[in-house]
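Now for the letters of each chain:
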Amino acid sequence: MARNIRRWIIGTLIIGFTVVFLVGTAAAAGEKVKIRFQTWHWGEKPVLFALEEFQKEFNTANPGIEVLRDESRYADKETVFIAQSQAKAAADIAHFQHRAIPLLAERGYLLDLTPFIEKEGGQKFLAQWDQNAMETCKYKGKIYCLNDYVNPLALLYNTQHFKEAGLDPNKPPTTPAELVDYAKKLTRNGRYGIGLIGSRQEGLFMRFNPFFWGAGAEYLTPDNKRSALDTPEALEGFRYYVELFTKHKVVPPGVIEQGAQEVRTQIAHEKVSMEIGVIQAPLIYAAINPNFKVNEVMAAAAVPSGKKRVSTVEYGMRVISAYTKNPEEAWKVYKSWVSKDVQLRNFKIYGVMSARLDVKSSPEIANHKFAKIFAAQAPYGKIEPLIPEWPKIGDATITAVQEGFSGTKTPEQALKDLHTATNRALGVK
Amino acid sequence: MHSGRTWHDRHFGYLFVLPATLMLVAVLVFPAFITLKASVTPEGGGGWHFTLTHYVNAFRDPVLAQAFKNTFSFVAWSMAGHFALGLALALALNQALPGQTFFRLIALVPWTIPDVVAGIIFRWVLNPIHGALNPLIQMVIPSFPAEFQWLSSPTLAFPSVIFANIWRGYPLVMVMLLAGLMAIPRHLYEAAAVDGAGKLRQFWHITLPGLSTIILIALALDMVWEFRRFALVVAMTGGGPGTLTEVLSTLVYKTYFQFFTFEYASAMAIMMSVVLFILSLPYIILVGRKQ
């Protein structure tokens, strides 16, 4: 009896193990490689639609690979990726802007894409991209990304408000002085001339820089070793941005609390007439206020930057994590995302301009009311110095601008302190 | 005398605390060690090369000095506010009033709201264009500016953040004090009343001494929590205007995750922990004595 029971137990165990082994092997054989595609855009319409379209299309065309949704948030995208990288569990593909590339590459968190690019044809393959944009993907001789969008800034203005203020909507301001003049005329009946960003976010540089650089100022000396903020040009540019709020009073109150989205909300609800904005802003206005007739009312023009024609540009890119377990599959997903068809579709869905030359020069962009103006700004696009110390200098710049806005310090004192903080960040004794 | 217990009996208990000990080592000791090691590692370096440069730099950093100053001020005012409001409400809610349970629940609501949400709520309430506060004040004082700037003002931004934090955090102190009040025997008050003691004397000679231990514990815990307050400040001001509302936790976060200077941020975090430990000593000693 006992022997029978023992036999029964052993038999059951053998059969059980066999079943588990066979099922496990079969499952492993049929298992898809999962590629985590991380971006803050999973939570934002209409970009979300472009991502879902891509995910669906890629997963259908590639049965062995599954693109997975992996959410980050704009404000802490680096935080999420750093924490995950330190745990060697970062998303396979992650979305950043140009400022983060040297910092993440320096820490070894990014996969060098050079070997993949070589396999695709090297320079011939790379020639499809805007070469200025590609510079932001290179660090110490390696290529860590292929840009997927170029985001130059332009002046966006409400033509209806122009007409009401007696201004010609076909003649937008072309100089900083004209901008002040227009903004003063537009500031009436509880409405303000221009919306500025004053809160602690990257968007502040993007709006501040055209006036700062336009005045002929630079953050650093040409060798990036010392601060160049002690020049009359730097003071002119700095003072101009701050005084739009403090002296000319053409900016809504609470500028220090205003981020990009707050300014867009004010434009969409017609509390503000102009802003320095990005290409996708018109679509966002429409999403914020569906009753706002964006295409009829809004127009775009070059940023009236001053002596030097210049605009800020932001480059967006995906990177592949150095800790991905499936680099080949990740590259396949990556390549598909930056392909012409996907990039063109992205423009159609959420209005962003690709860094691919064939997409940038496509009739869809050349004939688009807003895109053609933004595309014309790209050659004048400039970025902040790509050095590891930049985030600290950038933060000190925000501090100085906020001190100017709030009146904590005079523009002269705020800039002087910024000059000192910049040199301290660079290790200048 | 031999207790009769074997070695096995005496040590068997350790086996039961082993999982908890391992867990503590994993989530507390290990990260603390890693942070301490990072704080003495050269920037971008690794291995076992050590330096005290980050600590030397920290003592010369004006932004860190400002953050320390702001943090102490933030903690002191928050604790004072939590205590004053918490005690007042605890005394009120300890009275036998109709709807007592309902009011106790209502008073707890701010504690249930996450920091970030509380920060965003206050940011909107205080917004000069769309906020609810300015129109409310205008109803009482018609001459009050319609677009008054609270969070953009160098003098009012910090008090505004502290006010929001007092609102968000008083229920914890209130609940602890209420529990303490409920534990004070009623007959002490009855005897004092028979002896002719008024409400104020009863409060001074019975309530306060009866609550003294709870007050110390509540304030010590509050201090530790407020010292680490992060999300509320980030959501309301991001440390601005300038660095006027920058506190240690926001600065450490920024230095680590935005400036990518992991080692310097670790040194700041260690300094913050040391200060916090020193400030917590009275609580630690008190708890030790009680045990």
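Since we're looking at a predicted model, the values are computed, not measured.

Turning our attention to the overall build of chain B. When helices and strands are counted, chain B shows 12 helices and zero strands. Helices (α) and strands (β) of chain B occur, in sequence order from the N terminus, as α-α-α-α-α-α-α-α-α-α-α-α. For 291 residues, the compact-globule estimate of 2.2 N^0.38 gives 19 Å, and the C-alpha radius of gyration of chain B, at 24 Å, exceeds that figure by more than 25%. With respect to the principal axes defined by its C-alpha atoms, chain B has extents near 75 × 65 × 30 Å. Each of the 291 residues in chain B was classed as buried or not, and the buried ones make up 33%. Taking the intrachain contacts of chain B between residues at least 6 apart in sequence as the baseline, contacts between residues at least 24 apart amount to 70%.

Once that is clear, we can look at the overall build of chain A. Along chain A, the regular secondary structure elements total 21 helices and 12 strands. Each of the three principal axes of chain A carries a C-alpha extent, and together these read 100 × 55 × 50 Å. When burial is assessed residue by residue, chain A has 49% of its 429 residues classed as buried. Considering only intrachain contacts with a sequence separation of at least 6, the fraction spanning at least 24 residues in chain A is 73%.

Turning to the interface of chain B and chain A, a few remarks are in order. Interface extent is often summarised as the accessible area lost during association of the parts. With 23 residues of chain B at the contact, the number on the chain A side is 26 residues. Ranked by residue count, the leading element in the side of chain B that touches chain A is helix 11 (residues 248-258) of chain B, at three residues. Here the side of chain B that touches chain A is composed, by residue class, of nine nonpolar, 11 polar and three charged.

All right, on to the pairing of strand 6 (residues 145-152) of chain A then. All names here are of chain A. Taking burial as the measure, the eight residues of strand 6 include eight buried ones, the bulk of the element. Bridge analysis of strand 6 against strand 11 (residues 311-320) gives seven bridges, and the strand direction is antiparallel. The residue bridging Asn-151 from the neighbouring strand is Glu-314, located in strand 11.

With that out of the way, let us pick up the domain arrangement of chain A. All names here are of chain A. Here chain A is partitioned into domain 1 (36-152 + 313-377) and domain 2 (155-312 + 384-425). The C-alpha-based centres of domain 1 and domain 2 are spaced at 28 Å. Contact with domain 1, which involves 21 residues of that partner, is made by 18 residues of domain 2. In terms of residue count, the dominant contributor to the side of domain 1 that touches domain 2 is helix 19 (residues 371-377) (four residues).

Take the sheet that holds strand 8 (residues 192-195) of chain A next. Residue and element names in this part refer to chain A. Spatially, four strands are ordered 8-9-7-10 in an open sheet, and the strand pairing comes out mixed. Two strands close off the open sheet at either side, each with one partner strand: strand 8 and strand 10 (298-301). Averaged over all neighbouring strand pairs, the angle between strand axes comes to 20°, with direction disregarded. With four bridges joining them, strand 7 (residues 154-158) and strand 10 adopt antiparallel strand pairing. By the bridge assignment, Tyr-157 is partnered in strand 10 with Ala-299. Strand contacts of helix 12 (residues 260-268): strand 8 and strand 9 (272-277), with the helix running at about 140° to strand 9, the strand carrying the most contacts.

So, on to helix 21 (residues 411-425) of chain A. All names here are of chain A. Its 15 residues give helix 21 an end-to-end C-alpha distance of 21 Å, which sits within 8% of 21 Å, the value for a rise of 1.5 Å per residue. Within helix 21, burial applies to Pro-411, Ala-414, Leu-415, Leu-418, His-419, Ala-421, Thr-422, Arg-424 and Ala-425. With its phi angle positive at about 80°, Gly-427 sits one or two positions after the end of helix 21.

On average, residues of chain B score 92 in pLDDT, and 98% of them reach the 70 mark or higher. Two summary scores accompany this predicted model of the complex, namely pTM at 0.86 and ipTM at 0.85.

Next up on the list: helix 8 (residues 186-194) of chain B. Burial analysis of helix 8 of chain B places just zero of its nine residues in the buried class, a small minority of the element. Following helix 8 of chain B by one or two positions, Gly-196 of chain B has its phi on the positive side, about 90°.

Residue and element names in this part refer to chain A. In contact at an axis separation of 9 Å, helix 12 and helix 13 (residues 281-288) are set at 65° when each is read in the N-to-C sense. Between helix 12 and helix 13, the interaxial angle falls into the category roughly perpendicular. In the packing of helix 12 onto helix 13, the handedness of the crossing is right-handed. Between helix 12, through Arg-264, Thr-265, Ile-267 and Ala-268, and helix 13, the contact on the second element is made entirely by Ala-281, Ile-284, Tyr-285 and Ile-288. Of the residues in the contact of helix 12 with helix 13, the class split is six nonpolar, one polar and one charged.

What follows concerns unusual backbone geometry. The amide bond that connects Gly-240 of chain B to the next residue, Pro-241 of chain B, takes the cis arrangement and shows omega of 0°. One can find Pro-241 of chain B in the loop between helix 10 (231-236) and helix 11. Backbone geometry at Lys-88 of chain A places phi at a positive 55°, although glycine is not the residue there. A residue is classified by how many C-beta atoms lie within 10 Å of it, and Lys-88 of chain A, with 11 of them, is exposed.

With that settled, the discussion passes to the environment of Asn-295 of chain A. All names here are of chain A. Structurally, the position occupied by Asn-295 is in helix 14 (residues 294-297). Overall, Asn-295 belongs to the exposed group, with 11 C-beta atoms counted inside 10 Å. Placed 12 residues apart in sequence, Asn-295 and Leu-283 show a C-alpha to C-alpha distance of 9.2 Å.

All right, on to the environment of Gly-141 of chain A then. Counting through the fold element by element, Gly-141 of chain A comes out in the loop between strand 4 (138-139) and strand 5 (142-143). When the C-alpha positions of Gly-141 of chain A and Gln-261 of chain A are compared, they lie 37 Å apart, and in sequence the two are 120 residues distant.

To continue, consider the environment of Lys-392 of chain A. When you line up the elements, Lys-392 of chain A lands in helix 20 (residues 390-406). Sequence separation between Lys-392 of chain A and Lys-88 of chain A is 304 residues; the distance between their C-alpha atoms is 26 Å. With near-sequence residues (within four places) excluded, Lys-392 of chain A lies in contact with Ala-425 of chain A together with Phe-259 of chain B.

The rules behind these values
- Residues numbered from 1 in each chain as written.
- Chains lettered and ligands numbered in written order.
- Predicted model: local features only at pLDDT ≥ 70, side-chain atom pairs only at ≥ 80, totals over all residues.
- Helix = DSSP H or I, 4+ residues; strand = E, 2+ residues; numbered from the N terminus.
- Rg over C-alpha atoms; globule rule 2.2 N^0.38 Å.
- Buried ≥ 20, exposed ≤ 12 C-beta atoms within 10 Å, placed from the backbone.
- Contact = placed C-beta atoms within 7 Å.
- Nonpolar A, V, L, I, M, F, W, Y, C, P; charged D, E, K, R; others polar.
- Pairing = 2+ DSSP bridges.
- Domains from an automatic or database assignment.
- Axes fitted to C-alpha atoms, helices over the stretch in contact; angles between N-to-C directions.
- Expected span 1.5 Å × (residues − 1).
- pLDDT = per-residue confidence, 0-100.
- Parallel < 35°, antiparallel > 145°, perpendicular 65-115°, else oblique.
- Left-handed = near helix turned anticlockwise from the far one by under 90°.

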